[in-house]
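Close look at the chain arrangement
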Amino acid sequence: MFKWLKGKSAEKMDVLDIAAPLTGNVVPLANVPDEAFASKAMGEGVAIEPTEGKVVAPFDGKVAHLIEKSKHAVILEHVTGVQVLIHIGVNTVSMKGEGFKAHVSTGDEVKAGQLLIEFDMAAIQAAGYPVITPVLIPAGIDAVKSVEPNESAGSVSAQSGSVIKVHLN
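Residues numbered from 1 in each chain as written. Predicted model: local features only at pLDDT ≥ 70, side-chain atom pairs only at ≥ 80, totals over all residues. Heavy atoms only, no water.

The name that an unreviewed UniProt entry assigns to the protein chain is PTS glucose transporter subunit IIA, with the source organism given as Paenibacillus urinalis. The record held by UniProt for the protein chain lists under Subcellular location (unreviewed entry) the comment "Cytoplasm". (UniProt positions renumbered as here; feature names shortened; annotations may be inferred.)

1. A short note on the nonpolar core
Counting 36 residues, the largest nonpolar core has L76, L116, I137 and V166 as the members making the most contacts within it. Per element, the largest residue contribution to this core is four residues, and it comes from strand β14 (residues 162–168). The residues touching I137, leaving out its near neighbours within four places in the chain, are I18, M42, G43, E44, V82, Q83, V84, V144, V147, I164 and V166. Within the second largest apolar cluster, 10 residues are counted, among which are F37, A47, L85 and V90. (Core = buried A, V, L, I, M, F, W, Y, C linked by side-chain atoms within 4.5 Å. Buried < 20%, exposed > 50% of the residue type's maximum accessible area, 1.4 Å probe, protein only. Helix = DSSP H or I, 4+ residues; strand = E, 2+ residues; numbered from the N terminus. Contact = heavy atoms within 4.5 Å.)

2. Brief notes about the sheet that holds strand β11 (residues 133–138)
Spatial strand order, β9-β5-β6-β7-β11-β3-β2-β13: eight strands in an open sheet with antiparallel pairing. At either end of the open sheet lies a strand with only one pairing partner, and these are β9 (109–110) and β13 (155–156). Of the strand pairs in this sheet, strand β7 (residues 83–87) and β11 are connected by two bridges, and their pairing is antiparallel. Within β11, the position partnered with L85 by the bridge is L136. (Pairing = 2+ DSSP bridges.)

3. Quick word on the UniProt feature "domain: PTS EIIA type-1" (unreviewed entry) in the protein chain
As recorded in UniProt, the feature "domain: PTS EIIA type-1" (unreviewed entry) lies at residues 34–139. Counted over residues 34–139, helix gives 9% and strand 41%. Its end C-alpha atoms are 17 Å apart.

4. Brief notes about the confidence of the model for the protein chain
On average, the protein chain scores 93 in pLDDT, and the residues at 70 or more come to 93%. For residues 1–9, every residue scores under 50 in pLDDT, and the model assigns this stretch nine contacts once sequence neighbours within four places are set aside. (pLDDT = per-residue confidence, 0-100.)

5. Looking at the sheet that holds strand β8 (residues 100–102)
A sheet is described by the order of its strands in space; here three strands give the open sequence β4-β10-β8, paired in antiparallel fashion. The sheet terminates laterally at β4 (54–56) and β8, the two strands that pair on one side only. Neighbour to neighbour, the strand axes of the sheet diverge by 15° on average, direction disregarded. Note that β8 and strand β10 (residues 115–119) share three bridges and pair antiparallel. Opposite A102, over in β10, you have I117 as the bridge partner. (Axes fitted to C-alpha atoms, helices over the stretch in contact; angles between N-to-C directions.)

What follows is the structure, encoded as structure tokens:
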């Protein structure tokens, strides 16, 4: 049991709907120009071609990990134990935080819709990196029975609709 869960009641859920954490167009992970994401070796989910440089929390939870130096990726954890990885762009770790502004830190509790990271799409593209953003459920999480990506969600706004359905154990 995680310390941050103390005093929180987790009602039994069968399905967790993950809302879009970015505004943009949903595409299959296969479209990500990085084999680790495209092959789903990192986990199952979708990618979003962002039209706005903001990432928001798709649910109430905790920042399990923010890549502090580069600020290009964050892992959030839901009260059920489900984690979601939001990885802004491809190979953007090489930017060493340039063009990224984190609004949270590892360990912070967050509310759905809360701004997590802002990023400069033009700076990322000018540096030669794609801005396509994988949003996935990392492989090997005990709470997860199966993951159902909604690759046909099309154009989404941050916090609108479900881009991933997670079926829970």
